[in-house]
Amino acid sequence: QMSTRCPPCTVGDGVRRMGTCQRARNGRNALYGSRPFGVRARAESQEYLPSPPHRIEDDDEGIGHIAQLALPALVVVLSDPLQTLVDSAVLGRYSTLHLAAIGPNTALFNSMFQLFAFLGVTVANAVSSTASSGRTGTTGAKARRARRTFRTAVVLGVVFGVLAIFTIHGCSRAILGYMETAEEVVPFALEYMHVRAFGSPVVLVMNAFQGLCLGQQDTRLPMIVCAAVTGINVVLDLYLVAVKGQGAHGAAVATVVAQACGLALMVYLVKRKQHAQGGVDYTDVGGMGQRRESLSQYVSVLRKFGTMAAILIARTSAGILAYLAMSTEAMRLGVIAAASHQIAMQLFWFLSYLPEPLSMAAQVKMAKDTVSNPARASRTERLVVTLGCVIGLVLAAATVGSFTLLPPLFTTEQSIVAQVRALRPLGALAIAICSVMMVYDGMSIGSQNLVHLPIGVGAGLGVVLLALRTDPSAILGGLFVPGDPLASVWVALVGFYATRLSVH
């Protein structure tokens, strides 16, 4: 390398040879520590010495890098609740029945998409691992496995999405009956459900693409796409519902069209990025180019999806049952308690989205470093847990403030406002524990240390069921108990997060 950078180092037949000139020999001696030929020779040789290679890994840790991952991911996380909020606001001004129609649909589609989150998680872990080895052969093999994983996720997303369309259309009335939807709301809920179901394949394939970007430690691209989807949804909502008067049907059309546009934009941006940077073409889903791959290799990938799906679906299902048990208990306590719980939970859920970007950052960094660089993975663990604690304390203060100031925006009933404000201590404690727990969730998924996840959620479900049948004052002695009927419900929520964090 040194001889090719030294113009005078040409001899005889024009062949460049290492050490054939005095300048090259001095450079070699300076590089390997041999005796130099004078100070001037050493100084001249430094001009031709190759500079030390820049190590990307040195910049790949610290709060700055965590922020680069987490801040754009915040837009991704908040995109869906913001779209739901816009749907609710526009339909609320159009008709109360149409507003009520999206309630059971929101619960249905959110639960369904959570169950299929394993598609994006598996892709993110596989793609992250391609950067975890410095050996070319190993990295190339990992890149091929990551491409197979991504393709399989896309195919599974299409297959599961199509199955979801047929299942929802065939069982729509039974689903609404199970949710005890009011009879006058059912026609509008069916309209919304049948249209919204056609977006299922789009959402699941988008999940795979977001996992690809997350595995490449690129949260900026999904941020752009989610911002565009939210904007398109808002514009179409206003046009189809407020201008054209299509109600719930128009809101569903707006959501599906926005999701389809988002997927098209995502594919375009990913392909443009890969064309500019080179490397593995993950978006070439149709073929492997000149390299044929055996069926057994795809069977191995399917096993990974099956393992991840079993663990995450078990975790998600137990979590849904826990939240359902708490909501059912609140409904059993009467209208005032149910309304108070609904307002408090809406505020709580919005704040609980905020630690999710940190969890996503922890996931991709642990997926990359757990095996290849355990020391850096350990430093990342300490950093993100510390940040999770800080965010938890900030969100605890925000919970107290929101439970104090915002309930009058939802209702004029003073008894409801008073009950929500009485939940401030328990809400603050729950959000603080939840923030740290979500960070551990991300680290566990990234390091593929997954077996304890459903165990923790299952144990948390048991604590919830026990707490709902226990007098909270007998446990806490009035320390955090507000003295209202909802105390047992929110003590159960605190216990649910505390149990999961303890298992972590």
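The rules behind the values
Residues numbered from 1 in each chain as written. Predicted model: local features only at pLDDT ≥ 70, side-chain atom pairs only at ≥ 80, totals over all residues. Heavy atoms only, no water. Helix = DSSP H or I, 4+ residues; strand = E, 2+ residues; numbered from the N terminus. Buried < 20%, exposed > 50% of the residue type's maximum accessible area, 1.4 Å probe, protein only. Contact = heavy atoms within 4.5 Å. Areas by Shrake-Rupley, 256 points an atom, 1.4 Å probe, with all protein chains shown as cover. Axes fitted to C-alpha atoms, helices over the stretch in contact; angles between N-to-C directions. Parallel < 35°, antiparallel > 145°, perpendicular 65-115°, else oblique. Nonpolar A, V, L, I, M, F, W, Y, C, P; charged D, E, K, R; others polar. Phe/Tyr/Trp six-rings, centres within 6.5 Å; stacked < 30°, edge-to-face > 60°. Lys NZ or Arg CZ within 6 Å of the ring centre and 35° of its normal. 1 Å grid on protein atoms, 1.4 Å probe; cavity = no way out; pocket = protein on both sides within 12 Å on 5 of 7 lines; lining within 4 Å. Points joined across faces, edges and corners; volume = space filled by probe spheres on them. Core = buried A, V, L, I, M, F, W, Y, C linked by side-chain atoms within 4.5 Å. Salt bridge = Lys/Arg side-chain N within 4 Å of Asp/Glu carboxyl O. Patch = residues over 30% accessible without salt bridge, like charges linked within 9 Å, V, L, I, M, F, W, Y side chains within 5 Å.

Participant: Help me understand the overall build of the chain, please; the structure alone is not making it clear to me.
Facilitator: Along the chain, the regular secondary structure elements total 20 helices and two strands. Each of the 504 residues in the chain was classed as buried or not, and the buried ones make up 48%. In the chain, the proportion of contacts linking residues at least 24 apart, taken out of those at least 6 apart, comes to 78%. Entry remark: accessible area of the chain is about 24,000 Å², with carbon and sulfur atoms responsible for 63%.

Participant: For this particular structure, what's the right way to read the environment of Ala330?
Facilitator: Assignment of secondary structure puts Ala330 in helix H11 (residues 295–332). Of the residues examined, Ala330 reaches a relative accessible area of 1% and is grouped as buried. Residues Ala330 and Ala487 lie 157 residues apart in sequence; the distance between their C-alpha atoms is 10.0 Å. Once residues within four sequence positions are removed from consideration, Ala330 is found in contact with Ala337, Ala338, His341, Leu486 and Val489.

Participant: I keep staring at the packing of helix H3 (residues 63–94) against helix H9 (residues 220–243) and nothing clicks. Help me out?
Facilitator: Helices that pack against each other are described as a pair by the angle of their axes relative to one another and the distance between those axes. Where H3 contacts H9, the two axes come as close as 8 Å, and the packing angle between them is 5 degrees. Between H3 and H9, the angle is such that the two are roughly parallel. Across the contact of H3 with H9, the residue classes break down as 16 nonpolar, four polar and three charged.

Participant: Quick question: what am I supposed to make of unusual backbone geometry here?
Facilitator: Apart from glycine, the bulk of residues carry a negative phi angle, and the bulk of peptide bonds sit in the trans form. At Gln217, a residue that is not glycine, the phi angle is positive and equals roughly 60 degrees. Mapped onto the elements, Gln217 comes out in the loop between helix H8 (200–215) and H9. Exposure remark for Gln217: the relative accessible area of 19% places this residue in the buried category.

Participant: Looking at this structure, I do not really get the packing of aromatic side chains. What am I missing?
Facilitator: Enumeration according to the criterion identifies eleven aromatic pairs in this entry. Ring centres 5.8 Å apart and planes at 90 degrees place the aromatic pair Phe348 and Trp490 in the edge-to-face group. Remark: Trp490 occurs in helix H20 (residues 487–503) and Phe348 occurs in helix H12 (residues 335–352); sequence separation between them is 142 residues. Taken together, the ring pairs in this structure connect Tyr323, Phe348, Trp349, Phe403, Trp490, Phe496 and Tyr497 into an aromatic cluster. We note Arg196 situated over the ring of Phe109; from NZ or CZ to the ring centre the distance is 4.9 Å.

Participant: In this structure, what is going on with empty space enclosed by the protein? I would like to understand it.
Facilitator: It is the rolling of a water-molecule-sized probe over the atoms that shows where space remains empty. Applying the stated criterion across every chain yields a total of two cavities of 30 Å³ or more. In this structure, the largest cavity occupies an estimated 120 Å³ of space. Forming the boundary of the largest cavity are 13 residues, of which Asp80, Thr84, Asp87, Tyr192 and Arg196 lie nearest the centre. Looking at the lining of the largest cavity, the elements that each hand over two or more residues are H3, helix H4 (96–115), helix H7 (186–196) and helix H10 (247–277). Looking at the lining of the largest cavity, its residues break down into three nonpolar, seven polar and three charged. Taken as a whole, the second largest cavity holds about 40 Å³ of empty space. Among the elements of the structure, helix H18 (452–467) and H20 are those that each provide at least two residues to the lining of the second largest cavity. With four residues, H18 is the single largest residue contributor to the lining of the second largest cavity.

Participant: Help me understand the nonpolar core, please; the structure alone is not making it clear to me.
Facilitator: Burial of nonpolar side chains together is a common tendency in soluble globular proteins. By size, the foremost hydrophobic cluster in this structure holds 53 residues, and its most contacted members are Phe118, Phe209, Met266 and Phe305. Those elements that place two or more of their residues in this core are H4, helix H5 (118–128), helix H6 (136–178), H7, H8, H9, H10 and H11. Other than its neighbours up to four places away in sequence, Met266 contacts Met206, Phe209, Gln210, Cys213, Leu221, Pro222 and Val225.

Participant: Can you walk me through the pattern of salt bridges in this structure?
Facilitator: Pairing is possible between side chains that carry opposite charge, provided their charged atoms lie close to one another. Tallied over the full model, the rule gives four salt bridges. Two residues, Lys273 and Asp218, come together in a salt bridge whose shortest N-O distance is 2.8 Å. Taken as a pair, Lys273 in helix H10 and Asp218 in the loop between H8 and H9 lie far apart in primary sequence, 55 residues in all. Of the two residues, Lys273 and Asp218, neither departs from the other in class, the shared state being buried. The partner of Glu329 in a salt bridge is Arg469, with the nearest N and O atoms 3.4 Å apart.

Participant: Can you walk me through a nonpolar patch on the surface in this structure?
Facilitator: A cluster of nonpolar side chains, Tyr178, Met179, Leu321 and Leu324, forms an exposed patch at the surface whose accessible area comes to about 440 Å². Note that Leu324 resides in helix H11. The partly exposed category is assigned to Leu324, whose relative accessible area is 46%.

So, to be careful, I would describe these as geometric facts and stop short of saying anything about function.
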